[in-house]
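Here is how the chains run, residue by residue.
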There are 2 protein chains.
Amino acid sequence: MCGNGKNCIFGNPKIIDTFVPLYIRAAVARFIMHEGNKVTINDVAKAAGVSKGTVDRVLHDRGEVSAKSKEKILKVIAELGYRPNFYASILASKKNYLISCIIPEFNDGEFWELTEKGIDQGKEYSGRFGISIEPVMYDQYDLESFQRACAKVLASEPSGVVIAPMFRNETLKFVKELSDRNVPYVYIDSKLEDDGYLAYYGMPMYQSGYLCADILTDGHPVRKVHIIRIARDKRGLSDPTVTRRTGLIDYISEHYPDCVIENTFIDPKDKAARYGKLDELFRNDPDPWKYIVMCNSRVHFVADYLRDRNIRTCRVIGFDVLEKNLSALRDGYVQALIAQHSDRQAAAAITALTDYLILHEGPAKKDNYTQMDILNRYNCDYYI
Amino acid sequence: MCGNGKNCIFGNPKIIDTFVPLYIRAAVARFIMHEGNKVTINDVAKAAGVSKGTVDRVLHDRGEVSAKSKEKILKVIAELGYRPNFYASILASKKNYLISCIIPEFNDGEFWELTEKGIDQGKEYSGRFGISIEPVMYDQYDLESFQRACAKVLASEPSGVVIAPMFRNETLKFVKELSDRNVPYVYIDSKLEDDGYLAYYGMPMYQSGYLCADILTDGHPVRKVHIIRIARDKRGLSDPTVTRRTGLIDYISEHYPDCVIENTFIDPKDKAARYGKLDELFRNDPDPWKYIVMCNSRVHFVADYLRDRNIRTCRVIGFDVLEKNLSALRDGYVQALIAQHSDRQAAAAITALTDYLILHEGPAKKDNYTQMDILNRYNCDYYI
DNA sequence: TTTAATACCGTGTGCGGTAACGGAAAAAAT
DNA sequence: ATTTTTTCCGTTACCGCACACGGTATTAAA
């Protein structure tokens, strides 16, 4: 295994750039690992007329190699299509890689629980390669908590980081530090506008809103759409659902120019206040048939209300497969959920980092938008 | 790595059963690999007062070990929670595992192409563990071709088999032979009623038909549903879409008892005849608004017709994400597609076999029903 | 010119297994 | 009692790589 990504020729394209002409680089790239690759470090050494120790020094860019030898060795490596055997590599090196995962903390049944499950899945994969995973949680409503999490991660000197960002500026500061330290990082859920990240796995938020509106309206003569929102303190927050709401609103104004969009803010912690707000909504909207949307994962708040009030004259669309949302879907208080496999996002992030650390291969695509799954009562039970 | 699954103590619970009491087995099971597990074969040897050669013989049940030593060693293994390091194992053993994948052959853009892609994905995973993959295709309309494929696979003596069955009896005969040889096999797409398989990955066919009907009717006052079917020769064939059609019909008769279901058979190879049939359909149905379904992946046949005839007064639902189906969806000739990730099914099958061969761990669940994805024009572009 | 410093490079050991080999002890045959 | 066979087990040589170590040219300092 390569000692550290930033010096290894397999990890750092710049180094290979310096020494290897394009056509050979192509050969290297073309080379497919594991496929009867019987070229060993000894073959390379022999072909280059040096010892394997020297080849190893080149491979890991540990220096103490003359420019001439280095060039020759790199050439031979390319020509022979040598790739280190990573079983032997892992076996011989006693390195301990660590990937830290920074995500919001959560209660049972909440959105981020699924992400944590994905982390466990990813752990299973990375564990095979001797890479350990450390989840680090923060309170998504508390900036300082996020700062503490970042500091903790930096202190543990991880080899890679997975991060679900919520605080824009602080995150940018943090990833800047990671870049300086040459620690690869992967965004999940949402990403920021820097571009030093190794990969991003998340939902296309704007399109999810657009899709949501399409399912909500579904050709009906819709005259008013209610967006239920969570009243939250938002200093420094980068709420990804804003983008989703934009997509939703755009669809409405394109397809239903006369449709009114009404925002209702509810309090997640105060049931009475919540019910009051919703009562008000129902009182004020003369249309017997209501169109209701929530852009975050909390549509079960609406469903609970409808259930309690025994109201069935609504078309309600929400997001994400929380257990509460699913039961609302099954009971018919929510007509559809738009879901994403946020567990797969987390798992993919870890897989990408693992492959990067072990195989020195970046992911095929940098930005990976996960599919938007439409769930109704007939297919939700097969949604894992 | 374990020499062969049937003798290896990690592969065969029976052997462990014989020698290790329950509470120790629990300890073994609890043991988590890779997590700072520093117990090596030498530790075991030392603790058992034998050489590592003897331990190795026990591990692989190669015999030439006294009952007493064996017992002692197994006890120590359990107590210490020893698990072989599979890097070292793979490195040291020059074994060549082979997984054969038997699937129908296909032309570009057809259903099984996606499955083949999944095989490639799986190959990437299995390749990491020195396991090679051999796809073997057969003509799904030609029994003898299937028999040839099976014979070929048996001749290559694979360590594991992935199979997408189409011919019921022949497949049962084939998997019986695999069982006798102690070769694990995994079903994809559909499965048969034997239960010797290691795992199954596929879509819940009945439910997919049910779901399809729900999306097709969607609350409309539907009085007639047209099922377009492919006229095919079907001796000995086990067509999985039959089940799907059943689900479809059941939904209709439950929700629309007065609705008429009409079957129209078209010829995939004869365009003129096909158009003739569809012209006839449109001529005979007085309702201006038609509800059309195809239960296989060929809904693009209908879409092409509608495009050519410039007909837009249909609600058309189909299955699977062929490129032709997608463009029909985008152009509005098909309203929705119900899709499955058949690539993931294949990849999961290979992964399961790989883990079984390398780690001696069966999959968490034997029957794995993949989710049913509802695709419309707004989310299909994010479907990978 | 001698010596010290530096730049380069080969050798060797070990990581945790696998499996062939050969030998000692026990059992069986003579 | 001796020989032969069988049973059982330790030794040893890898597998491909990482890395410490020590050595030899080469260059700089004295």
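Visitor: Provide a residue-level description of the sheet that holds strand β2 (residues 131–138) of chain A, including the pertinent values.
Guide: Residue and element names in this part refer to chain A. Within the open sheet, the six strands sit side by side as β2-β1-β3-β4-β5-β11. Their pairing is parallel. The sheet is open, and its two borders are formed by β2 and β11 (367–369), each paired with just one other strand. For this sheet the average axis-to-axis angle between neighbouring strands, irrespective of direction, equals 15 degrees. Contacting β1 (97–104), β2 and β3 (160–163), helix α8 (residues 143–155) crosses the sheet at an angle of about 160 degrees to β2. Packed on one face of the sheet, helix α9 (residues 168–180) meets β1, β3 and β4 (185–189) and runs near 150 degrees to β4.

Visitor: I'd like a description of the side chain of T217 of chain A, backed by residues and values.
Guide: Residues and elements named next belong to chain A. Tracing the backbone through its elements, the reader meets T217 in helix α10 (residues 205–217). Of the polar contacts made by the side chain of T217, one reaches the backbone oxygen of D214; its length is 3.4 Å. The contacts of T217, once residues within four sequence positions are left out, are V222, Y251, I252 and Y256.

Visitor: Describe the interface of chain A and chain B, naming the residues involved and giving the relevant values.
Guide: Taken together, the 38 residues of chain A in the interface contact 39 residues of chain B. Taken together, both faces of the contact between chain A and chain B bury some 3,400 Å²; the carbon and sulfur share is 56%. Scanning the region where chain A abuts chain B turns up zero salt bridges. Seen at the junction of chain A and chain B, the total is ten residue pairs in polar contact (both at pLDDT 80 or more). Mapped by element, the contributors of at least two residues to the side of chain A that touches chain B are α6 (86–92), α7 (111–128), α10, α11 (241–255), α15 (342–358) and β12 (373–375) of chain A. Residue contributions to the side of chain A that touches chain B peak at five residues, all from α6 of chain A. A breakdown of the residues in the side of chain A that touches chain B according to their chemical character gives 19 nonpolar, eleven polar and eight charged.

Visitor: Mind laying out helix α4 (residues 52–59) of chain A, listing which residues take part and the relevant values?
Guide: Residue and element names in this part refer to chain A. Listed as buried for α4 are T54, V55, V58 and L59. Buried residues of α4 fall within an arc of 145 degrees about the axis and therefore sit on the same side. Elements that come into contact with the buried residues of α4 comprise α3 (41–48) and α5 (67–80). Residue D61 follows α4 closely and has a positive phi angle near 50 degrees.

Visitor: Outline the sheet that holds strand β1 (residues 97–104) of chain B, supporting the account with residue identities and numerical values.
Guide: All names here are of chain B. Spatially, β2-β1-β3-β4-β5-β11 is the arrangement adopted by the six strands of the open sheet, whose pairing is parallel. The strands lining the two open edges of the sheet, one partner per strand, are β2 (131–138) and β11 (367–369). When the angles between neighbouring strand axes are averaged without regard to direction, this sheet yields 15 degrees. Helix-sheet contacts for helix α7 (residues 111–128) involve β1, β2 and β4 (185–189), and the interaxial angle to β2 is about 165 degrees. Relative to the sheet, helix α9 (residues 168–180) contacts β1, β3 (160–163) and β4, its axis offset from that of β4 by approximately 150 degrees.

Visitor: Please give an account of the packing of helix α12 (residues 271–284) of chain A against helix α13 (residues 300–309) of chain A that cites residues and values.
Guide: Residue and element names in this part refer to chain A. α13 packs onto α12 with a crossing angle of 75 degrees between their chain directions and a minimal axis gap of 11 Å. Between α12 and α13, the interaxial angle falls into the category roughly perpendicular. Between α12 and α13, the residues in contact are K271, R274, Y275, L278, D279 and F282 and F301, D304, Y305, L306, D308 and R309, respectively. Of the residues that constitute the contact of α12 with α13, the class distribution is six nonpolar, no polar and six charged.

Visitor: Describe the relation of the copies chain A and chain B, and please don't skip the residues or the numbers.
Guide: Of the transformation placing chain A onto chain B, the axial shift is 0.2 Å and the rotation is 179 degrees, giving an RMSD of 0.4 Å. Taken together, the rotation angle and the small translation identify this as a two-fold axis. Within chain A, the C-alpha atom positioned nearest to the axis of rotation is that of Y87 of chain A, 2.3 Å from it. When you check the interface residues of chain A against chain B, 100% turn up at the interface there too, and the contact is symmetric in its surfaces.

Visitor: Break down the protein's contact with DNA strand C for me, citing the residues and quoting the values.
Guide: Surrounding DNA strand C, one finds 29 residues, the nearest of these being S51, T54 and S69 of chain A together with I41 and D56 of chain B. Between a phosphate oxygen of DNA strand C and a main-chain N or O atom of S66 of chain A, the distance comes to 2.8 Å. Between DNA strand C and the protein, one listed contact pairs a phosphate oxygen with a backbone N or O atom of N85 of chain B at 3.1 Å. Looking at the surface near DNA strand C, the elements with two or more residues in it are α4 and α6 of chain A together with α4 (52–59) and α6 (86–92) of chain B. The biggest single contributor to the surface near DNA strand C is α4 of chain A, with four residues.

Visitor: How would you sum up the packing of aromatic side chains? Please name residues and give values.
Guide: The final tally for this structure, using the stated rule, is 31 aromatic pairs over all chains. Plain terms: the ring middles of Y185 of chain A and Y187 of chain A are 5.7 Å apart, the flat faces sit at 80 degrees to each other, and that makes the pair edge-to-face. Accessibility classification places Y185 of chain A together with Y187 of chain A in one group, the buried group. Through a chain of ring-to-ring contacts, three or more aromatic side chains come together here, namely F86 and Y87 of chain A together with F86 and Y87 of chain B.

Visitor: Give me the confidence of the model for chain A: which residues, what numbers.
Guide: Residue and element names in this part refer to chain A. In the predicted model, chain A carries a mean pLDDT of 86, and 89% of its residues have values of at least 70. Confidence, read as mean pLDDT per element, is least for helix α2 (residues 22–30) in chain A (32) and greatest for β3 (97). Throughout residues 1–36 the model reports pLDDT below 50, and contacts reaching past four residues in sequence, or to other chains, amount to 61 contacts.

Visitor: Give a description of the nonpolar core that names residues and reports values.
Guide: Core analysis: the biggest nonpolar cluster contains 103 residues, and F174 of chain A together with F174 of chain B have the highest contact counts within it. Ranked by residues supplied to this core, first place goes to helix α15 (residues 342–359) of chain B with eight residues. Setting aside residues up to four positions removed in sequence, F174 of chain B forms contacts with I102, C150, V153, L154, V161 and I163 of chain B. In terms of nonpolar packing, the next biggest core, distinct from the first, is built from 53 residues, M372 and I374 of chain A together with L211 and V293 of chain B among them.

Visitor: A description of the packing of α13 of chain A against helix α14 (residues 323–331) of chain A should follow, citing residues and the corresponding values.
Guide: All names here are of chain A. Orientation of α13 relative to α14, taken along the N-to-C sense of each, is 45 degrees, at an axis distance of 9 Å. Between α13 and α14, the interaxial angle falls into the category oblique. In the crossing of α13 with α14, the sense of the turn from one axis to the other is left-handed. Where α13 abuts α14, its residues H300, A303 and R307 lie against K324, N325, S327, A328 and D331. Partitioning the contact of α13 with α14 into residue classes produces two nonpolar, three polar and three charged.

Visitor: Which residues make up the environment of S66 of chain B, and what are the values?
Guide: Residue and element names in this part refer to chain B. Mapped onto the fold, S66 is located in the loop between α4 and α5 (67–80). Assessed through its relative accessible area of 39%, S66 is described here as partly exposed. Between the C-alpha atoms of S66 and E262, which are 196 residues apart in sequence, the distance is 72 Å. A polar atom in the side chain of S66 sits 2.9 Å from the side chain of S69.

Rules and cut-offs
- Residues numbered from 1 in each chain as written.
- Chains lettered and ligands numbered in written order.
- Predicted model: local features only at pLDDT ≥ 70, side-chain atom pairs only at ≥ 80, totals over all residues.
- Heavy atoms only, no water.
- Pairing = 2+ DSSP bridges.
- Helix = DSSP H or I, 4+ residues; strand = E, 2+ residues; numbered from the N terminus.
- Axes fitted to C-alpha atoms, helices over the stretch in contact; angles between N-to-C directions.
- Contact = heavy atoms within 4.5 Å.
- Polar contact = N/O pair within 3.5 Å; in protein donor to acceptor, adjacent residues only side chain to side chain.
- Buried area = accessible area lost by both parts, 1.4 Å probe.
- Salt bridge = Lys/Arg side-chain N within 4 Å of Asp/Glu carboxyl O.
- Nonpolar A, V, L, I, M, F, W, Y, C, P; charged D, E, K, R; others polar.
- Buried < 20%, exposed > 50% of the residue type's maximum accessible area, 1.4 Å probe, protein only.
- Arc of directions from axis to C-beta.
- Parallel < 35°, antiparallel > 145°, perpendicular 65-115°, else oblique.
- Least-squares fit on C-alpha atoms with pLDDT ≥ 70 in both.
- Near = heavy atom within 4 Å.
- Phe/Tyr/Trp six-rings, centres within 6.5 Å; stacked < 30°, edge-to-face > 60°.
- pLDDT = per-residue confidence, 0-100.
- Core = buried A, V, L, I, M, F, W, Y, C linked by side-chain atoms within 4.5 Å.
- Left-handed = near helix turned anticlockwise from the far one by under 90°.

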